[in-house]
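Observations on the model geometry
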Amino acid sequence: MSGDSDCTRTSPSAGTPSDNEFLPDRPKYVCSLSPDLITKAREELQEKPEWRLRDVQALRDMVCKDYPSLGTCLDDAFLLRFLRARKFDYDRALQLLVNYYTCRRSWPEVFNNLKPSAIKPVLESGFVTVLPRLDPEGRHVVCIRPDRWTPSNYPITENIRAIYLTLEKLIQSEETQVNGIVILADYKGVSLSKASHFGPFVAKKVIGILQDGFPIRIKAVNIINEPRIFKGIFAIIKPFLKEKIANRFFLHGCDLNSLHQNIPPVILPEEYGGTAGKLDISAWNELLLASEEDFLHDFSQLVLPCDSSPHDMLVSGDADEKQCDDSLRGMKPQLYYCY
């Protein structure tokens, strides 16, 4: 069913009560949050359980009025992700939802044929995984290890696809929607040649998605074993970061005690001075690959908008690409200097 017909038939002003008798049944939302998380969502996200469905309906009405051809899923649970990510600010949640879809249109190398089986080599390499245990704040820890990537095997966009699918899986959980996630990035062994693949154009796209195009709360980014070259990499990234996100970056170097102040050893694998055994990527890989049908169903509903105006686009196209290419030329001397 297209987004246009779906919106037309679900908007309260679209028809009489008799017309609405023919509406397709939507999954009824049932809150899975614990009492403590309901309280946390109220305090941190301005989520009031007694107003929750009213807020969802308000966002649904805005989508149908302002973006009738967006082609988005309009289920309560799906729309709640965007409201929670923007603390129930309707306008900001709507813009996040629009960005979520325009990101897909602007980067087909990442979003075409996006499913777990398509990125199986990345998963098997151990480039990205999720630690089995939550941190004390109830947050999943996403572990990224760039040294596991061999550029001659596949392009950097495959790594980005794997990270994106990992986040899609995590955000299905209401607990993650409220608590957010933590990132642990191990830059051990990252060389200049490998770092050169992550230029300003790729950096801007990735950061644009994480900051403005995906309904997830990134609460901390812990960098471990970063080489001198990381100063150059961070110089590329920082201009695109909002101040709030930039302040959530923690550079630990080789100091495991510093890392343990942010992530307790009890949930970390032995590789990072933890007591949770050796890092095992198999459990997460199996979970993600077993979700193939879910992703095929969910993503089949994502109809890319064909009538978006330029001001709706998260990435504006050729002008941005040229600007980023110019920036890359300026950054390369800094990368060599840091290396």
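Refer to the preceding data block for the structure.
We now turn to the structure provided with this report. (Residues numbered from 1 in each chain as written. Predicted model: local features only at pLDDT ≥ 70, side-chain atom pairs only at ≥ 80, totals over all residues. Heavy atoms only, no water.)

**Quick word on the packing of aromatic side chains**
The full count for this structure, using the stated rule, is eight aromatic pairs. Ring geometry for Phe-111 and Tyr-164: centres 4.9 Å apart, planes at 85°, overall edge-to-face. Here Tyr-164 lies in helix α9 (residues 156-170) and Phe-111 lies in helix α7 (residues 108-111), a separation of 53 residues in the sequence. Of the two residues, Phe-111 and Tyr-164, both sit in the buried class. Taken together, a centroid distance of 5.3 Å and an interplanar angle of 55° make the contact between Phe-234 and Phe-249 tilted. Note that Phe-234 is positioned in helix α13 (residues 230-237) and Phe-249 in strand β5 (residues 249-251), a separation of 15 residues in sequence. One aromatic cluster is present, formed by Phe-78, Phe-82, Tyr-100, Tyr-101, Phe-111, Tyr-164 and Phe-214 through successive ring pairs. Its guanidinium or amino end placed over the ring of Trp-51, Arg-54 lies 4.5 Å from that ring's centre, counting from NZ or CZ. Note that Arg-104 overlies the ring of Tyr-100, its terminal NZ or CZ placed 5.0 Å from the centroid. (Phe/Tyr/Trp six-rings, centres within 6.5 Å; stacked < 30°, edge-to-face > 60°. Helix = DSSP H or I, 4+ residues; strand = E, 2+ residues; numbered from the N terminus. Buried < 20%, exposed > 50% of the residue type's maximum accessible area, 1.4 Å probe, protein only. Lys NZ or Arg CZ within 6 Å of the ring centre and 35° of its normal.)

**With respect to the packing of α9 against helix α16 (residues 282-289)**
The geometry of α9 relative to α16 is characterised by a closest axis approach of 11 Å and an angle of 80° between their N-to-C directions. Between α9 and α16, the angle is such that the two are roughly perpendicular. Between α9 and α16, the contacting residues are Leu-165, Thr-166, Lys-169 and Leu-170 on the first element and Trp-284, Leu-287 and Leu-288 on the second. When grouped by side-chain class, the residues that make up the contact of α9 with α16 number five nonpolar, one polar and one charged. (Axes fitted to C-alpha atoms, helices over the stretch in contact; angles between N-to-C directions. Parallel < 35°, antiparallel > 145°, perpendicular 65-115°, else oblique. Contact = heavy atoms within 4.5 Å. Nonpolar A, V, L, I, M, F, W, Y, C, P; charged D, E, K, R; others polar.)

**Side note on the pattern of salt bridges**
With the rule as written, the count across this model stands at 12 salt bridges. Asp-55 is paired through a salt bridge with Arg-54; the nearest N and O atoms lie 2.8 Å apart. Across the pair Lys-242 and Asp-212 runs a salt bridge whose closest N-O atoms are separated by 2.6 Å. Placement of the pair is Lys-242 in the loop between α13 and α14 (243-246) and Asp-212 in helix α12 (residues 200-212), with a sequence separation of 30 residues. Given the relative accessible area of 42%, Lys-242 is considered partly exposed. Each of Glu-47, Arg-52, Arg-84 and Glu-174 takes part in a single network of salt bridges with overlapping partners. (Salt bridge = Lys/Arg side-chain N within 4 Å of Asp/Glu carboxyl O.)

**With respect to unusual backbone geometry**
Positive phi, normally seen in glycine, also occurs at Gln-46, with a value near 60°. Note on placement: Gln-46 falls in the loop between α3 (35-45) and α4 (52-66). Taking relative accessible area as the criterion, Gln-46 reaches 41% and is therefore assigned partly exposed.

**What to know about the environment of Asp-76**
Structurally, the position occupied by Asp-76 is in helix α5 (residues 76-85). Looking at Asp-76, the relative accessible area reads 16%, which means it is buried. Separated by 50 residues in the primary sequence, Asp-76 and Arg-26 place their C-alpha atoms 8.2 Å from one another.

**Considering the sheet that holds strand β3 (residues 181-186)**
Taken together, the five strands give an open sheet; going across it, the order is β1-β2-β3-β4-β5, and neighbouring strands pair in mixed fashion. Whereas interior strands pair on both sides, the edge strands pair on one side only; in this sheet they are β1 (128-130) and β5. On average, adjacent strands in this sheet sit at an angle of 20° to one another, irrespective of strand direction. Of the pairings in the sheet, the one linking β1 to strand β2 (residues 140-144) comprises three bridges and is antiparallel in character. Bridging from a neighbouring strand, Thr-129 pairs with Cys-143 of β2. (Pairing = 2+ DSSP bridges.)

**Digging into α3**
Each α-helix turn comprises 3.6 residues. Residues three or four places apart therefore point the same way. Those residues of α3 that sit buried are Leu-37, Lys-40, Ala-41 and Leu-45. For α3, the buried positions fall inside an angular range of 100° around the axis, keeping them on one side. Exposed side chains of α3 directed beyond 90 degrees from the buried face belong to Pro-35, Asp-36 and Glu-43. The inward-facing, buried residues of α3 abut α5 and α10 (174-179). (Arc of directions from axis to C-beta.)

**Considering the packing of α4 against α5**
One can describe the packing of α4 onto α5 by two numbers: an axis separation of 9 Å at closest approach and a directional angle of 90°. Between α4 and α5, the angle is such that the two are roughly perpendicular. Mapping the contact onto sequence places Arg-52, Leu-53, Asp-55, Val-56, Leu-59 and Arg-60 in α4 and Asp-76, Leu-79, Leu-80, Leu-83 and Arg-84 in α5. For the contact of α4 with α5, the class distribution of residues is six nonpolar, no polar and five charged.

**Describing α5**
Of all 10 residues in α5, nine are buried; the element is thus mostly enclosed. Taken together, the buried positions of α5 are Asp-76, Phe-78, Leu-79, Leu-80, Arg-81, Phe-82, Leu-83, Arg-84 and Ala-85. A positive phi of about 50° marks Lys-87, the residue just after α5.

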